[in-house]
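Notes for the structure review
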Amino acid sequence: MVMMRLVVFVMMVCMLLMDVLVESTAQFDPYKVLGVTRSASQAEIKKVYKRLAKEWHPDKNKNPEAEDTFVKITQSYEILSNEEKRDSYDRYGTVDNTHSYAHRGFRHFHDNFFDESYFHFPFNNKGGRDSDSKYTLHFNQYVNEVVPESFKRPYLIKITSDWCLSCIHIEPVWKETVEELETMGIGIGVVDVGYERRLANHLGAHQTPSILGVVNGKVTFFHYAVVKVHLMQFVEDLLPQRLVEKVTDKNNQEFLNSWHELNKPHVLLFDQVPSVPLLYKLTAFAYKDYVQFGYVDQGLSETADLLRRFNLNTYAPTMLVFKEDVEKPADIIQAKGMKKQIIDEFITNNKFLLAPRLVNQKLFDELCPVKQFHRRRKYCVLLITGEEDSFTSGNEAFLSLASLNTNDILRFAYVYQRHQQALCDVLLKNNDGSSQVLILERRNSAGKVLYKPVLGGWNGSEEDKQKLLEELDRLQKDPSILNYDAILPELNNEFASMFIFRWIYAACDYLSEIIDDLLHNNWREMMPLLSLIFSALFILFGTVIMQAVSDSSEEKQPTSKAKDASKTENGSPSSSNPSSRQPKKNFVEVTELTDITYTSNLVKLRPGHINVVLVLTDATKNILLSKFAKEVYSFTGSLTLHFSFLNVDKHSEWMVAVLEYAQDAMQIDSDEDDLSTRKIDYTGYVLALNGHKKYLCLFKPVYTGEDVESKPEEEGGASRSRKGMTRSRSTTLQIHHKLDRLGLWMERLMEGTLPRYYVPAWPGLDKITVNK
């Protein structure tokens, strides 16, 4: 018996190979399938394909051969729409992908000639394929239909393939679960990896069988044993939290009174089960934008007052809907077999308040739809009001009038002027801050409306009510009374969350996906993220290491800095001020600014270069140049700095002419009278001159040395004999210390933080002042 089965199995494999060879060599004529000639253009082929695909689509055509015909039509169009494949077929009578029909050929042969019940080879699941065919998903269908619908109902999708033994094992459980979930409104989908590899990769499914759920466009994989209880719980876990609020005697008033803040009707479901039924959660998810849902467990003692208050029959589930009146339900439904269709109809008829507030454009479009036909006109009675206490009586009067409305073509609504200022500015001609009622009709989706304001404003009096009712009666007889037109802007979304909250929610969802992938070893999907994380860590640690190396190299130079400091004290040109470049020479090159070097060193100085000029006299030349070299030595590494000195004994008139444009700086420490009566000593001044942009920065000397004359003089002849020497030394020290703060000034010059004094034109330096 075993040998017989082995022989039969070998024969079956051989016949499979023969079938593949026959099918691969058989000629497949796409022109006959589409019914076009070989000279047909691409436009003709596309037109015929659309017509045939629509006619033979398995979801619309119940013919048993519809699936095979649809596949042939699609494959034929793929060949003829691709110029390269079409040319290959016209030349050789075949293309590379014609072998895809071999598997289907063997499937047909296998179904007709082999009895799986005898040989126990469950390679083909024909019954499963037939039951899954109506749920088959294609890539475009998933993107255009499933993802948008997943924001209203969850989808449960199975990833399967032919010749998959595990797919056959889970088929009975899948079929039983689908039959129950489908009655609740859950979307079902099946993806065959053999035909929809692109969609399977898009979903992140890399093995079969796989089961996943889609809610709000987010894909979540099922990772537990495939049993009905687990699948039902998986679908329930897909839904967002707090869709339904548990209501008891303590919080029922708070729940019902929130209608004004949320701008939604409130629905209460009374049932005896402790947990919220899945059907009710699915309904709450579908209508979450319109209705707030609550659940009352009748078996709890904390809900006894609610049951007595509404006098409910506890033997059947009951739904109550509350609108503006929280004491009396606006509608009620009670039935033992609460079906989805009954619940949907009940919620649809009560998903708006009697007079809702227009809080976004979506609500405005549904309450006041655009006119389509003459008999389907909808008029919106709009109250423009405020939320202060002074408007309360008028708002309540408008609500009482809306509660008496029984005309389907009239919709009452109101807006707060402060929240919808753009809309109110268009509709109100004279905006004096008072309430106003308008009757409007939307004419197109671009925002055009016809409207008419009710004269006299609105304060809720009986006279105002009578005026409004008269206008509404006139409107039903003569729609032409709407004699104003306007283009309305899009309404602000008053419930839109702030950007930071949206970002936090998105980050939380992303982190939850990462944790889920880590827990279930979905490494293929995690590889891009892990690569990004490790790359960022590598760059971070590399930067830290390089910074540590650079810091250590800087710490190895303390001895050289100490030597520089000692040289500074002994008169060598060095400074403790930092610079961007190390000095290239052990000396400072300082040239004299004369009529010969004036043009090259200032007037025609290259853009971006600055000449730092020290002002001195013949008497102070040696002392100031030595101090100047020490202070600027650390800045000689800059390629844009040049150093010069100017003899003020020769060019005092040039100094006066240049410093006329820096009078603000010259008057900081001196009075105007002093400047006019006392000759200014320019010795120790430093000018930073930018010849190209024609501006200067000024350094004025500040004496910070020790005042020798302030010390108590010695008594006797020795003191008198050294008086002349003390005065001479004091003068020398004062001149030496004039440039003490030049290093700090140079740092500010390099940072660009010094004040600039602009010069219209540089004065000439050809005239030498005669010493008097």
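Relevant structure appears above.
First, a word on scope: everything that follows refers to the structure included in this document. Just so you know, these numbers come straight off a predicted model, no measurement behind them. (Residues numbered from 1 in each chain as written. Predicted model: local features only at pLDDT ≥ 70, side-chain atom pairs only at ≥ 80, totals over all residues. Heavy atoms only, no water.)

Points about the packing of aromatic side chains
- Under the counting rule described, the total for this entry stands at 17 aromatic pairs.
- With a centroid separation of 4.0 Å and 10 degrees between ring planes, the pair formed by Tyr49 and Tyr77 is classed as stacked. Taken as a pair, Tyr49 in helix α3 (residues 42-56) and Tyr77 in helix α4 (residues 66-81) lie far apart in primary sequence, 28 residues in all. In this pair, the class of Tyr49 matches that of Tyr77, namely buried.
- Three or more aromatic residues link up through ring pairs in this structure, and these residues are Phe222, Tyr224 and Phe234.
- Against the face of Phe139 rests Arg198, its NZ or CZ located 3.8 Å from the ring centre.
- Positioned above the aromatic ring of Tyr290, the side-chain terminus of Lys351 is 4.4 Å from the ring centre. (Phe/Tyr/Trp six-rings, centres within 6.5 Å; stacked < 30°, edge-to-face > 60°. Helix = DSSP H or I, 4+ residues; strand = E, 2+ residues; numbered from the N terminus. Buried < 20%, exposed > 50% of the residue type's maximum accessible area, 1.4 Å probe, protein only. Lys NZ or Arg CZ within 6 Å of the ring centre and 35° of its normal.)

Comments concerning the environment of Thr318
- Structurally, Thr318 is set in strand β8 (residues 318-322).
- Along the sequence, Thr318 and Gln334 sit 16 residues apart, while their C-alpha atoms lie 4.3 Å from each other.
- Aside from chain neighbours lying at most four places away, what touches Thr318 is Leu268, Leu269, Phe270, Leu312, Asn313, Ile332, Ile333, Gln334 and Met338. (Contact = heavy atoms within 4.5 Å.)

Focus on the side chain of Asp192
- When you line up the elements, Asp192 lands in strand β2 (residues 187-192).
- A relative accessible area of 16% places Asp192 in the buried class.
- A distance of 3.0 Å separates the side chain of Asp192 from the backbone nitrogen of Gly194, its partner in a polar contact.
- For Asp192, the contacting residues outside a window of four places in its chain are Thr160, Ser161 and Asp162. (Polar contact = N/O pair within 3.5 Å; in protein donor to acceptor, adjacent residues only side chain to side chain.)

Notes on helix α20 (residues 392-403)
- Compared with the 16 Å implied by 1.5 Å per residue over 12 residues, the 17 Å span of α20 between its first and last C-alpha is a close match.
- Buried positions along α20 lie against β10 (379-385), β11 (410-416) and α22 (462-477). (Expected span 1.5 Å × (residues − 1).)

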